[in-house]
Amino acid sequence: MRKRILVANWKMNYDFHETTSFIRNLLKVFFDRKINHDKEIILSPSFPFLHISNQILQGSSLNIAAQNIHQKNKGPYTGEISASMLKSIGIQKVILGHSERRELFFENNQILLEKIKIALKYDFNIIFCVGESLVERKNNKQFEIIKKQLEKTVFYCSSDDIKFFYIAYEPIWAIGTGKTATFEQVQVMHEFIRSLFLEKYGKNISDNIPILYGGSINDINAKNFFSQKDVDGGLIGNASLQFEKFLKIIQS
Ligand code: PEP
């Protein structure tokens, strides 16, 4: 049985104090309220706070992911952060292919494939995002788009490497908009994604690859998304910044 996974993507929001007090509070509340969850929880703070966040979480069941890495490992890339740098501070997971990176920072499939390769070289787990735009959905192109996004990136990887991936289906029109895809739309897409993995890698990988949904998940709708057969959890933006809401999502 696949484990439920929650990824909190804090984007460019919390500063040092907000990040560390959120994490400390979360650990305290888990302890005080005796919250026993069986989920894999991954928090994704901004780069400067990854190290301290990781230290605070040492010995807990929570994990940290970076929000990005550069595709090269070293050199004249002012302002960039490499996989080996993150590895040297104990980070083992990274989000790649988020629609904000694709749209605002022009990360295309080729760049993302390079990022995947460098991340795998340093044994990172990759939370890889795919998703269609509203226009693509209106033109009923969503399946074609998702297939292409996977074929040009993840599907270049070997079966051994696929074990390092989580896939996050994030329809762009549902991210940060308050508009969610319907539970049915999400289940249909997740089933489709799983079928692509079946075709490419066989039943074992297809049965086990975690597929998360992301797009305006909140404490009210989380349970319904998570009860869909092929939804293994969520990538959560806004609601993960609100402590009590995030706690309710964890308990969904
Ligand atoms: C995201 O940015 O990955 C996301 C899902 O954001 P939100 O939950 O705010 O829609």
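The following refers to the structure shown.

Calculation rules
- Residues numbered from 1 in each chain as written.
- Predicted model: local features only at pLDDT ≥ 70, side-chain atom pairs only at ≥ 80, totals over all residues.
- Heavy atoms only, no water.
- Helix = DSSP H or I, 4+ residues; strand = E, 2+ residues; numbered from the N terminus.
- Buried < 20%, exposed > 50% of the residue type's maximum accessible area, 1.4 Å probe, protein only.
- Pairing = 2+ DSSP bridges.
- Right-handed = clockwise from strand over helix to strand, strands pointing away.

## Here we look at unusual backbone geometry
Excluding glycine, most residues fall at negative phi; most peptide bonds, likewise, are trans. The phi dihedral of Asn140 falls on the positive side, at around 55°, and the residue is not glycine. For Asn140, the location among the structural elements is in the loop between α6 (134–138) and α7 (142–151). When its relative accessible area of 56% is taken as the criterion, Asn140 is described as exposed. Of note in the backbone geometry, Ser216 takes a positive phi value of approximately 55° without being a glycine. Using a relative accessible area of 18% as the deciding quantity, one classes Ser216 as buried.

## Describing the pairing of strand β1 (residues 5–9)
Within β1, five of the five residues are buried, which leaves the element mostly enclosed by the surrounding structure. With burial as the criterion, each face of β1 is covered, one bearing Ile5, Val7 and Asn9 and the other bearing Leu6 and Ala8. Of the strand pairs in this sheet, β1 and strand β2 (residues 40–44) are connected by five bridges, and their pairing is parallel. Note on β2: the bridge partner recorded for Ile5 is Glu40. For the crossover that starts at β1, traverses helix α1 (residues 16–32) and ends in the parallel β2, the hand is right-handed. Pairing of β1 with strand β8 (residues 233–236), which is carried by four bridges, proceeds in the parallel orientation. Following the sheet pairing, Val7 is matched in β8 by Leu235.

Spatial relationships are all this shows, so hold off on functional conclusions.
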